[in-house]
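Structural characterization, general
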Amino acid sequence: SDKDLEKRVVMSDRAAQVLQDPLITGAIDEMRQTAFDNWRTSSFKDTEEREELYKMVRAIDEFEAHFKRRVNDGKVAKSQLDQLTNGVKKNVRIQR
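Read on for a plain summary of the structure. Note that the coordinates shown come from a computational prediction; the quantities given were computed from them, not determined experimentally.

**Thoughts on helix α2 (residues 22-41)**
- With 20 residues, α2 should cover 28 Å at 1.5 Å per step; its first-to-last C-alpha distance of 28 Å lies within 8% of that length.
- Its side-chain oxygen 2.7 Å from the backbone nitrogen of Leu-23, Asp-21 forms the N-cap of α2.

Now the structure itself:
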């Protein structure tokens, strides 16, 4: 429905704001760097710590990917809304 598409566009805009927020991007970058630094200085034999660091990086990546998917979904929804709006305008012109 139009309302669902509009909601997806709004969520997309909010997700884009999150991805552009310096506080968020800084935190993501810092967490990735910390995980990398900890991995680099970890003992070769400490596979448990390395696994945890890997999981941390994967969680950070998934967090960021979630917002990127929302942004892309909103672009699709906006395109669909535009098509619906243009279709309505064409029908109005044809009926006149």
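The discussion continues.
**Describing the pattern of salt bridges**
- Here the structure, examined in full by the defined rule, presents eight salt bridges.
- For Arg-32, the salt bridge goes to Asp-61, with nearest N and O atoms at 2.8 Å. Placement of Arg-32 in helix α2 and of Asp-61 in helix α3 (residues 47-95) is noted, with a sequence separation of 29 residues between them.
- Residues Arg-32 and Glu-64 are paired through a salt bridge, measuring 2.6 Å at the closest nitrogen-oxygen approach.

**A short note on the environment of Asn-72**
- Relative to the elements of secondary structure, Asn-72 occurs in helix α3.
- Sequence spacing of Asn-72 and Glu-51 is 21 residues, and the spatial spacing of their C-alpha atoms is 31 Å.

**Comments concerning the side chain of Ser-42**
- Along the chain, Ser-42 turns up in the loop between α2 and α3.
- At a separation of 3.2 Å, a polar atom in the side chain of Ser-42 contacts the side chain of Arg-50.
- In this structure, Ser-42 is in contact with Glu-49 and Arg-50, ignoring residues within four places of it in sequence.

Calculation criteria
Residues numbered from 1 in each chain as written. Predicted model: local features only at pLDDT ≥ 70, side-chain atom pairs only at ≥ 80, totals over all residues. Heavy atoms only, no water. Helix = DSSP H or I, 4+ residues; strand = E, 2+ residues; numbered from the N terminus. Expected span 1.5 Å × (residues − 1). Polar contact = N/O pair within 3.5 Å; in protein donor to acceptor, adjacent residues only side chain to side chain. Salt bridge = Lys/Arg side-chain N within 4 Å of Asp/Glu carboxyl O. Contact = heavy atoms within 4.5 Å.

Honestly, that's just the spatial picture; any functional story needs more than this.
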